[in-house]
Amino acid sequence: MTLPAGWTARRPTLDDVPAILAVVHAADTFAVGHPDFDAEDVEAALTAPFFDPTRDSWLAEDPDGRVVGCTLIDNPTGVGREFVEVYVDPERGAAVRAPLLARVLDRIAERAAERGLPALTARTTVFAPETRWAAELAEAGFTRVKRYVRMTRPLAGLPAEPPPPPGVDVRPLRADDEADLRLFHRIFDTAFRDTPDYEPVGFDQWREQLPRYAKVWDEWFVAEVDGEPAGALQSSDQALDQDTGWVRTLSVLPAYRRRGVGAALLRRAFTVYAAKGRAAAGLGVDLTNPTSPATLYRSVGLREERWTDMYERSVPAAGV
């Protein structure tokens, strides 16, 4: 599949960050109503582990030389699924999204061959307004596999944090303590083992990834029940530009579920967010998660705001 006549594609460099950000902002505003990336996020994507912009990414330029499209591949662990982003300016670049997707799929086929795998799974997301993108994905062999829901709640007038259930204690993570970081990782890793899409990552690799999102350590918490580790909550700064505190993951060990641990962790996070003047709290929930967390989230005041669909296809290795 080729680009329209007069349009060109090239590899990005860090000098292209402002142009890429403009495209991403236009795409995000169309999809979710507001920009959801900043320049630091773009630079992090271009310098991410297991990603080489000179081989794994494309920029599309219109006949006037304006950047109107960009592709990224995200696989922070170097194993498992490849997450694909194809950003286009919806007013000027819609015609190049399908050709850019085709190039990304060709590259994923090469990446599979380079890793000695018979195939790799590619995933990408579709927001409600992106009906053309959904159709292009279907034409390229993708199918919808799940739906995520963004849930939020206002923090104005947040009630005082209630006492946790008897025996439950919530404390801040001690980020400068190696043992506490290992404990946090163990809780997170164990709790997510029974979710269908979880790809385990060892402690050392997990720790290497922390600088990508761990910038608000005082918003990470550990829960204990009768002195035993039971749950953990990690926040990220991904929604600070929307004045929102964001729960990145909530982990409760199977033996302690439905005992008020998750609610206690969430309420502590909301209290800290509110004390910092945040207007809202939010998180994303996978509706296929067998632990049914949406019920818990509603119980602490979170409500559905919008949905995102996940699409997927298997990409055979090049030469197979």
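Residues numbered from 1 in each chain as written. Predicted model: local features only at pLDDT ≥ 70, side-chain atom pairs only at ≥ 80, totals over all residues. Heavy atoms only, no water.

## Remarks on the nonpolar core
Part 1 of the reasoning: Core analysis: the biggest nonpolar cluster contains 48 residues, and W206, L233, V261 and L266 have the highest contact counts within it.
Part 2 of the reasoning: Counting residues per element, this core draws most heavily on helix 8 (residues 261-275), at 9 residues.
Part 3 of the reasoning: With near-sequence residues (within four places) excluded, L233 lies in contact with F184, E219, W220, F221, V247, T249, L250, L265, L266, A269 and Y273.
Part 4 of the reasoning: V67, V96, L105 and A317 belong to the second-largest nonpolar core, a separate cluster that totals 43 residues. (Core = buried A, V, L, I, M, F, W, Y, C linked by side-chain atoms within 4.5 Å. Buried < 20%, exposed > 50% of the residue type's maximum accessible area, 1.4 Å probe, protein only. Helix = DSSP H or I, 4+ residues; strand = E, 2+ residues; numbered from the N terminus. Contact = heavy atoms within 4.5 Å.)

## Remarks on helix 8
Part 1 of the reasoning: Taking 1.5 Å as the rise per residue, helix 8 with 15 residues should run 21 Å; its terminal C-alpha atoms sit 21 Å apart, in good agreement.
Part 2 of the reasoning: Phi for G277, located one or two positions after helix 8, is positive at around 90°. (Expected span 1.5 Å × (residues − 1).)

## Quick notes on the sheet that holds strand 9 (residues 228-236)
Part 1 of the reasoning: In space, the 12 strands of this open sheet follow the order 1-2-3-4-5-12-6-11-10-9-8-7, with mixed pairing throughout. What marks the edges here is a single partner per strand, and that holds for strand 1 (8-10) and strand 7 (168-172). In this sheet, adjacent strand axes meet at a mean angle of 25° when their direction is disregarded.
Part 2 of the reasoning: Strand direction decides the pairing type here: strand 9 and strand 10 (residues 244-252), joined by 6 bridges, are antiparallel. Across the sheet, the residue bridging to L233 is L250, located in strand 10.
Part 3 of the reasoning: Here helix 5 (residues 131-139) sits on the sheet and contacts strand 4 (82-88), strand 5 (119-127) and strand 12 (303-316); the angle it forms with strand 5, its principal contact strand, is near 160°.
Part 4 of the reasoning: Strands in contact with helix 8 are strand 6 (143-154), strand 7, strand 8 (221-225), strand 9, strand 10 and strand 11 (280-286); relative to strand 10, the strand with the most contacts, it is inclined by about 160°. (Pairing = 2+ DSSP bridges. Axes fitted to C-alpha atoms, helices over the stretch in contact; angles between N-to-C directions.)

## Some points on the UniProt feature "domain: N-acetyltransferase" (unreviewed entry) in the chain
Part 1 of the reasoning: Mapped onto the present numbering, the UniProt feature "domain: N-acetyltransferase" (unreviewed entry) falls on residues 7-165 and 168-320.
Part 2 of the reasoning: Note that residues 7-165 is 35% helix and 26% strand, and that its end C-alpha atoms are spaced 62 Å apart. (UniProt positions renumbered as here; feature names shortened; annotations may be inferred.)

## Some thoughts on the packing of aromatic side chains
Part 1 of the reasoning: On inspection of all chains with the given rule, the structure shows 8 aromatic pairs.
Part 2 of the reasoning: An angle of 55° between the planes, with centres 6.1 Å apart, marks the rings of F37 and Y87 as tilted. In this pair, F37 sits in the loop between helix 1 (17-32) and helix 2 (39-46) while Y87 sits in strand 4, placing the two residues 50 residues apart along the sequence.
Part 3 of the reasoning: Residue F37 is classed as partly exposed on the basis of its relative accessible area, which comes to 22%.
Part 4 of the reasoning: Overall, the relative accessible area of 8% leaves Y87 in the buried class.
Part 5 of the reasoning: Arranged with centres 5.1 Å apart and planes meeting at 50°, the rings of F188 and F192 form a pair that is tilted. Of the two residues examined, F188 and F192, each falls in the buried class.
Part 6 of the reasoning: Here a set of aromatic residues connected by ring pairs shows up, and it is made of F184, F203, W206, W217 and W220.
Part 7 of the reasoning: Taking the ring centre of W58 as reference, the NZ or CZ of R103 above it sits at 4.6 Å.
Part 8 of the reasoning: It is R147 that lies over the ring of W307; its NZ or CZ is 3.9 Å from the centre. (Phe/Tyr/Trp six-rings, centres within 6.5 Å; stacked < 30°, edge-to-face > 60°. Lys NZ or Arg CZ within 6 Å of the ring centre and 35° of its normal.)

## A word on the packing of helix 4 (residues 97-114) against helix 5
Part 1 of the reasoning: Running from N to C, helix 4 and helix 5 point in directions that differ by 40°, and their axes come no closer than 10 Å. Judged by the angle between their axes, helix 4 and helix 5 are oblique. Here helix 4 runs over helix 5; the crossing is right-handed. Between helix 4 and helix 5, the residues in contact are R97, A98 and L101 and W133, E136 and L137, respectively.
Part 2 of the reasoning: Taken together, the residues that form the contact of helix 4 with helix 5 break down as 4 nonpolar, no polar and 2 charged. (Parallel < 35°, antiparallel > 145°, perpendicular 65-115°, else oblique. Left-handed = near helix turned anticlockwise from the far one by under 90°. Nonpolar A, V, L, I, M, F, W, Y, C, P; charged D, E, K, R; others polar.)

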